[in-house]
Amino acid sequence: MDGALNENDISGIIEADRAHVWHHMSQHKPYETTDPRVMVEGKGIHVWDAKGTRYLDGVSGGVWTVNVGYGRESIADAVRDQLVKLNYFAGSAGSIPGALFAKRLIEKMPGLSRVYYNNSGSEANEKAFKMVRQIAHKRYGGKKHKILFRERDYHGTTIACLSAGGQPERNAQYGPFTPGFVEVPHCLAYRAHEQGLENAANYGELAANAIEEVILREGPDTIGALCLEPVTAGGGVIAPPEGYWPRVQEICRKYDILLHIDEVVCGLGRTGTWFGYQNYGIEPDMVTMAKGVASGYAAIACLVTTEKVFDMFKDDSTDPLNYFRDISTFGGCTAGPAAALENIRIIEDEGLLDNTLAMGTRLMMRLEELKEKHKVVGDVRGKGLFCGAELVADRLTKEPVAEKLAQQVVAECSAQGVLIGVTNRSLPGRNNTLCLSPALIATEDNIDEIAAAMDVALTRVFG
Ligand SMILES: Cc1ncc(COP(=O)(O)O)c(C=O)c1O
């Protein structure tokens, strides 16, 4: 594998990029004096940039996406074959891969039965919000329309998704936002002291009870849904504490509130189960997913609902506005489900859920070792191949390290040929959690290499 281009090609591509491409989440001023990174090729868990540098990708394409790894010819073949057969038809009609993938997906999601196709995680979440709003109009005279979201969670980049966003730095300067979205407190046990709940043995239950307090304050008859990440991703890799989920489920049922789980990062397979929520025995009403559905080989996102939710939009009323009047030109068309079908086959046939559990345990063990060795590592946490290490200047006060130091650790790993992530423009002064999410095909050697690079990087930055 050689991603290197010749000198002229490299400088031409980098110049074209510098002159014309506006990168996501990037301040471009530094590119006046440094080269932007341009990625060229990938195979397995490795990627190459335009200068031919090889990286072990510990973050699956930067944003926890390429779950089955790079260079999967069988997925590319499935997409090619489908595009030649039928590249497009509007989603008001079905398609062969759309029908087959929906059936396959639903087999993995007992209790759910309907798949609504979209392009991106943000779009899938928007559609879920629209469903909640329409249900409020159809059944509750518009009253039960509010959507609860949690501090530190992220649900996407559009204005409605940011309205449901618990990360102030993602929202800053983009308001005003959509009314009817209400925040509930986070459930990060490591920072329970900031909620006055330090040392609480039943922190999980108390964190869930805080949701009920918000519901009672707002009025249960105004709340349509609660939208949560099963394991918070960009808000700090937070696997909810023991006792949290059963209580959340109980609260939703008590007040007739739809439980919407945002699996955009955790689905499919990231936590060692098909979906993150399946670790906790909960029964959501709506589930959204995107990144790992086709591992980035084609754009696809799904909003999956119960038959009960679906039935709320199905009747023979004479009202012509009564059904879910939503459309998306490219949602579900046709390369996406074709790629997703092959992606799910690979996860199953290669036993990648078991590998994720085994490698996730190893990764967590390595992180614990780093915590033993480096006092700057205050907390390590995660689920499956989805882990975080929070860096603090003082273990006692848990004061976060300066963000630029956390970013320096990432840069020092990159200099060793290992890509890791860090919470990025999420929480003011709190973007101090290193993020790890290697492909589900990771080997023991890959995990050890990631940890070894982090060890060196932590020593270089903090001594
Ligand atoms: C939990 C979660 N939900 C939704 C989204 C938005 O997905 P997309 O970027 O595909 O719109 C993201 C993106 O990072 C995410 O992490």
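Structure first, text after, so check above.
Note that this is a predicted model, so its numbers are computed, not measured.

Cut-off values and rules
All residue numbers refer to positions counted from 1 along the written sequence of the respective chain. The predicted origin of the model limits local features to residues at a pLDDT of at least 70 and limits the giving and counting of side-chain atom pairs to 80 or more, whereas totals for whole chains, interfaces and linings rest on all residues. Hydrogens and water are ignored here; the side-chain numbers use all heavy atoms of the structure. Helix and strand labels come from DSSP, where a helix needs a run of H or I of at least four residues and a strand needs a run of E of at least two; each type is numbered from the N terminus. Radius of gyration here uses only the C-alpha atoms, and the compact-globule reference equals 2.2 Å multiplied by the residue count raised to the power 0.38. The buried label applies to any residue whose accessible area, calculated with a 1.4 Å probe on protein chains only, is under 20% of its type's maximum; exposed applies above 50%, and partly exposed to all values in between. Counting rule for charge: Lys and Arg are taken as positive, Asp and Glu as negative, and neither His nor the chain ends is counted. Here the site of a charge means atom NZ of a Lys, CZ of an Arg, CG of an Asp or CD of a Glu. In this analysis, strands are considered paired if DSSP registers two or more bridges between them. Here an angle of 0 to 180 degrees is reported between the N-to-C directions of two axes, which are lines fitted to C-alpha atoms, with helices fitted over the stretch in contact. Nonpolar cores were defined as sets of buried Ala, Val, Leu, Ile, Met, Phe, Trp, Tyr and Cys residues, with membership established by side-chain atoms within 4.5 Å. Per the annotation, domain bounds derive from an automatic or database assignment of domains. Whether two residues are in contact is decided by their heavy atoms: any pair within 4.5 Å suffices.

### A look at the overall build of the protein
Working step 1: The number of helices and strands found in the protein is 14 helices and 16 strands.
Working step 2: Its C-alpha atoms give the protein a radius of gyration of 22 Å, near enough to 23 Å, the size a compact globule of 463 residues would have.
Working step 3: Once the C-alpha set of the protein is aligned to its principal axes, its extents read approximately 65 × 60 × 45 Å.
Working step 4: Expressed as a percentage of its 463 residues, the buried residues of the protein come to 54%.
Working step 5: Of the side-chain charges in the protein, 48 are positive and 60 negative, and the distance between the mean point of each set is 3 Å.

### So, unusual backbone geometry
With the exception of glycine, the majority of residues adopt a negative phi angle, and the majority of peptide bonds are in the trans configuration.
Working step 1: Look at the link from glycine 175 to proline 176: it is a cis peptide, with omega at 5°.
Working step 2: Here glycine 267 and leucine 268 are connected by a cis peptide whose omega angle stands at -5°.
Working step 3: Relative to the assigned elements, leucine 268 resides in the loop between β8 (258-262) and β9 (286-289).
Working step 4: Not every positive phi belongs to a glycine, and methionine 25 is a case in point at roughly 50°.
Working step 5: Mapped onto the secondary structure, methionine 25 falls in the loop between α1 (7-20) and β1 (39-43).
Working step 6: Within the chain, glutamine 173 stands out as a residue other than glycine whose phi angle is a positive 80°.
Working step 7: Structurally, glutamine 173 is set in the loop between α7 (168-171) and β6 (181-184).

### Here we look at the sheet that holds strand β4 (residues 114-118)
Working step 1: Spatially, seven strands are ordered β4-β10-β9-β8-β7-β5-β6 in an open sheet, and the strand pairing comes out mixed. The two strands at the open ends of the sheet, each matched to only one other strand, are β4 and β6. When strand polarity is set aside, the average angle formed by the axes of neighbouring strands in this sheet is 20°.
Working step 2: Here strand β5 (residues 146-150) pairs with β6 via four bridges, running parallel.

### A word on the nonpolar core
Working step 1: By size, the foremost hydrophobic cluster in this structure holds 100 residues, and its most contacted members are Val248, Met289 and Ile420.
Working step 2: Split by domain, the residues of this core number at least three in each of domain 1 (10-71 + 352-462) and domain 2 (73-350).
Working step 3: Those residues within four positions of isoleucine 420 in sequence are excluded, and the remaining contacts are Val59, Val409, Val410, Cys413, Leu434, Cys435, Leu436, Ile450 and Met454.
Working step 4: Ala128, Val132, Ile135 and Phe324 belong to the second-largest nonpolar core, a separate cluster that totals 19 residues.

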